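Listed here are the chains, written in short residue letters.
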Amino acid sequence: MRNNPKNFSVKIIKGHAYVYSWSYRKTSSRTHLGAQRYCWKYRGRYGTRKIRDFMKCLTSEEQLNLKEEVERKLEVHKGIQKEIELLLKNEPFKSEHNILLKIRNRMIREKALRKFYSKLNSIIRDNKTN
């Protein structure tokens, strides 16, 4: 990976923004075992000193783009979370959520809740596209 990466990606995980940088690998430098087209590097959670150091390597325009992308993705995430809360107040989802919360086995409960929230996310995204 180059010392001054220009490409970055922002991922929102549980309400926090994480920054990754990537660069393209030429075909000549790829191996047969790990034939990946891109080289990814984890840069850290947005707002930490590690990210501030990374942002110093970027130009002012790229810093602004990174900040705007993080804000935009967090805004979308917060909107989805608000819509999930509204759906959980309605009856068919409220009762199903309460049933899942009563499961005693933590692993089964968390897996079922993940699947349930995924279903809610897909419902919200389908409503936005229509």
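This text goes with the structure placed above it.
Below, the structure is looked at part by part. (Residues numbered from 1 in each chain as written. Predicted model: local features only at pLDDT ≥ 70, side-chain atom pairs only at ≥ 80, totals over all residues. Heavy atoms only, no water.)

Let's talk about the overall build of the chain
Looking only at helices and strands, the chain features 4 helices and 3 strands. For the chain, the N- to C-terminal ordering of α and β elements is β-β-β-α-α-α-α. Since a compact globule built from 130 residues should have a radius of gyration of about 14 Å, the 20 Å found for the chain marks it as more spread out than a globular shape. Taking the principal axes of the C-alpha coordinates as reference, the chain spans close to 55 × 40 × 35 Å. (Helix = DSSP H or I, 4+ residues; strand = E, 2+ residues; numbered from the N terminus. Rg over C-alpha atoms; globule rule 2.2 N^0.38 Å.)

Notes on the packing of helix α3 (residues 91–101) against helix α4 (residues 106–129)
Two elements in contact, α3 and α4, have axes whose closest approach is 9 Å; the angle formed by their N-to-C orientations is 160 degrees. With respect to α4, the element α3 is oriented roughly antiparallel. Seen along the crossing, α3 lies across α4 with a hand that is left-handed. Residues Phe93, Glu96, His97, Leu100 and Leu101 of α3 form the contact with α4, whose own contacting residues are Arg109, Ala112, Leu113, Phe116, Tyr117, Lys119, Leu120 and Ile123. Here the residues of the contact of α3 with α4 are counted per class, giving 9 nonpolar, 1 polar and 3 charged. (Axes fitted to C-alpha atoms, helices over the stretch in contact; angles between N-to-C directions. Parallel < 35°, antiparallel > 145°, perpendicular 65-115°, else oblique. Left-handed = near helix turned anticlockwise from the far one by under 90°. Contact = heavy atoms within 4.5 Å. Nonpolar A, V, L, I, M, F, W, Y, C, P; charged D, E, K, R; others polar.)

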